[in-house]
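Architecture at a glance
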Amino acid sequence: MKKRRIMLVVSYDGTTYNGWALQKSTHNTIEEMLNRAIHGLTGEEVEVIGASRTDAGVHAYGNIAVFDTSSSIPGDRFSYALNHILPQDICVTESREVHPDFHPRHCDTLKTYEYRVMNSKMPVPTRRFYTYHFSMPLDIDVMNEAAHYLEGEHDFTSFCNVESQAVSHVRTIKKVEVFRHGDEVVIRVIGNGFLYNMVRIIAGTLLQIGRGKGKPSDIKEMIDKKDRKAAGPTAPACGLFLIKYEFLDGIPGPETTEDD
């Protein structure tokens, strides 16, 4: 049977996993779990292609993966079938057949991340894997003022892990906003792409400014220096969530042609 390409929207609790991507040193990754589940369902050896390689401890509501299969299972039924096999901390929330050439990392997209901070005097044990506890008072207005300096196209070398292998550190951030939701402070970042640890460094930097260490305009100087040492600390992985992907040109169906 002719191979088809299936797209999965994947939600997961990243607490116990060593990140999304396959690794030689461990089998405990989200990709490995998906590959095993697909093999258990279809008998095929596959390697899913992920849109975002989230780090250990990072969570997602809507990461994207695709794989090729000769199975006759309808595209929209893979989600139900795989969820019977996958561990409870991984769920395929949607599945569909797409064009054979569709590649989630080669599309114009907007990605939304949220970094969640438990801004309370004492930690909340039930939220320890899903927020970063930060006990010091935070000025949300000051954080939002600082956040605006991050918007637009910039070289984000100062906000990138020094081990990054990206050819270019230029990225475009469409919007950064900071708001309170009960005891949580949420830092929401929307952009066309992100560097290694970029959102966590943005979060760590805004938290420092929000507690009074520095002023909002310092962000511009940090960007201009193109030096990781210029920006703030990298916030812990537990507070980071990949919220969603938006494909700006849509998602091509299996029968889509260049004339469609």
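These remarks concern the structure in this document.

The rules behind these values
Residues numbered from 1 in each chain as written. Predicted model: local features only at pLDDT ≥ 70, side-chain atom pairs only at ≥ 80, totals over all residues. Heavy atoms only, no water. Helix = DSSP H or I, 4+ residues; strand = E, 2+ residues; numbered from the N terminus. Rg over C-alpha atoms; globule rule 2.2 N^0.38 Å. Buried < 20%, exposed > 50% of the residue type's maximum accessible area, 1.4 Å probe, protein only. Contact = heavy atoms within 4.5 Å. Areas by Shrake-Rupley, 256 points an atom, 1.4 Å probe, with all protein chains shown as cover. Lys, Arg positive; Asp, Glu negative; His and termini not counted. Charge placed at Lys NZ, Arg CZ, Asp CG, Glu CD. Salt bridge = Lys/Arg side-chain N within 4 Å of Asp/Glu carboxyl O. Polar contact = N/O pair within 3.5 Å; in protein donor to acceptor, adjacent residues only side chain to side chain. Phe/Tyr/Trp six-rings, centres within 6.5 Å; stacked < 30°, edge-to-face > 60°. Lys NZ or Arg CZ within 6 Å of the ring centre and 35° of its normal. Core = buried A, V, L, I, M, F, W, Y, C linked by side-chain atoms within 4.5 Å. Axes fitted to C-alpha atoms, helices over the stretch in contact; angles between N-to-C directions. Parallel < 35°, antiparallel > 145°, perpendicular 65-115°, else oblique. Left-handed = near helix turned anticlockwise from the far one by under 90°.

Across its full length, the protein chain carries 5 helices and 10 strands. Since a compact globule built from 260 residues should have a radius of gyration of about 18 Å, the 20 Å found for the protein chain is in line with a globular shape. By its C-alpha atoms, the protein chain is 60 × 45 × 35 Å across when sized along the principal axes. Classification of the 260 residues of the protein chain by burial places 50% in the buried group. Look at the contacts in the protein chain between residues 6 or more apart in sequence, and 73% of them connect residues 24 or more apart. Summing over all exposed atoms, the protein chain offers an accessible surface of approximately 13000 Å²; the carbon and sulfur share of this is 48%. One way to put it: in the protein chain the 30 positive side-chain charges average out to a point 6 Å from where the 35 negative ones average out.

Our focus in this paragraph is the pattern of salt bridges. Under the counting rule described, the total for this entry stands at 12 salt bridges. Among the salt bridges present, the one from D55 reaches R200, with a minimum N-O distance of 3.5 Å. Note that D55 is positioned in the loop between β2 (49-50) and β3 (59-69) and R200 in helix α4 (residues 198-210), a separation of 145 residues in sequence. One salt bridge connects E114 with R116, and the closest N-O pair in it is separated by 2.9 Å. Residue classification places E114 among the buried positions, given a relative accessible area of 8%. R116 sits in the buried class, given a relative accessible area of 13%. Here the salt bridges do not stand alone but share partners, grouping E114, R116, E177 and R188 into one network.

By the secondary structure assignment, R4 is in strand β1 (residues 4-12). Among the residues examined, R4 registers a relative accessible area of 12% and is labelled buried. Within polar-contact distance, the side chain of R4 engages the backbone oxygen of S71 at 2.5 Å. One polar contact links the side chain of R4 to the main-chain carbonyl oxygen of I73, over a distance of 2.6 Å. For R4, the contacting residues outside a window of four places in its chain are F67, D68, T69, S71, S72, I73, P74, G75, F78 and E97.

This part takes up the packing of aromatic side chains. Considering all chains together, one arrives at 9 aromatic pairs under this definition. A centroid spacing of 5.7 Å and a plane angle of 20° characterise the contact between Y61 and F241, whose relative ring orientation is stacked. Placement of the pair is Y61 in strand β3 and F241 in strand β10 (residues 240-247), with a sequence separation of 180 residues. Classification of Y61 as partly exposed rests on a relative accessible area of 43%. Looking at F241, the relative accessible area reads 6%, which means it is buried. Taken together, a centroid distance of 6.2 Å and an interplanar angle of 75° make the contact between F156 and F159 edge-to-face. Taken individually, F156 and F159 each receive the classification buried, so the pair is uniform in this respect. Among the aromatic residues, ring-to-ring pairing joins F102, Y245 and F247 into one connected group. Its guanidinium or amino end placed over the ring of Y80, R77 lies 4.3 Å from that ring's centre, counting from NZ or CZ. In this structure, R116 is placed above the aromatic ring of F241, and the distance from its NZ or CZ to the ring centre is 4.2 Å.

Moving on to the nonpolar core. A general tendency of soluble globular proteins is for nonpolar side chains to be buried together. Among the nonpolar cores identified, the biggest contains 68 residues, and L34, I90, M143, L150, F159, I187 and L206 are the most heavily contacted of them. Setting aside anything within four residues of it in sequence, one finds I187 in contact with Y113, E114, Y115, M143, V176, E177, V178, A203 and L206.

Phi angles above zero are rare outside glycine, and N197 is one such case at about 70°. With respect to the helices and strands, the residue N197 is situated in the loop between β9 (184-191) and α4. With a phi close to 50°, K226 is a non-glycine residue in the positive phi region. Classification of K226 by relative accessible area gives partly exposed; the value is 44%.

Our focus in this paragraph is the packing of helix α3 (residues 140-148) against α4. At their nearest, the axes of α3 and α4 sit 8 Å apart, and the two run at 135° to each other. With respect to their mutual orientation, α3 and α4 come out oblique. In this structure, α3 crosses over α4, and the sense of that crossing is right-handed. Between α3 and α4, the residues in contact are V142, M143, A146 and A147 and L206, L207, I209 and G210, respectively.

So, about the environment of G57. Mapped onto the fold, G57 is located in the loop between β2 and β3. Filtering out sequence-adjacent residues up to four positions away, G57 remains in contact with G14, T15, Y17, A237 and C238.

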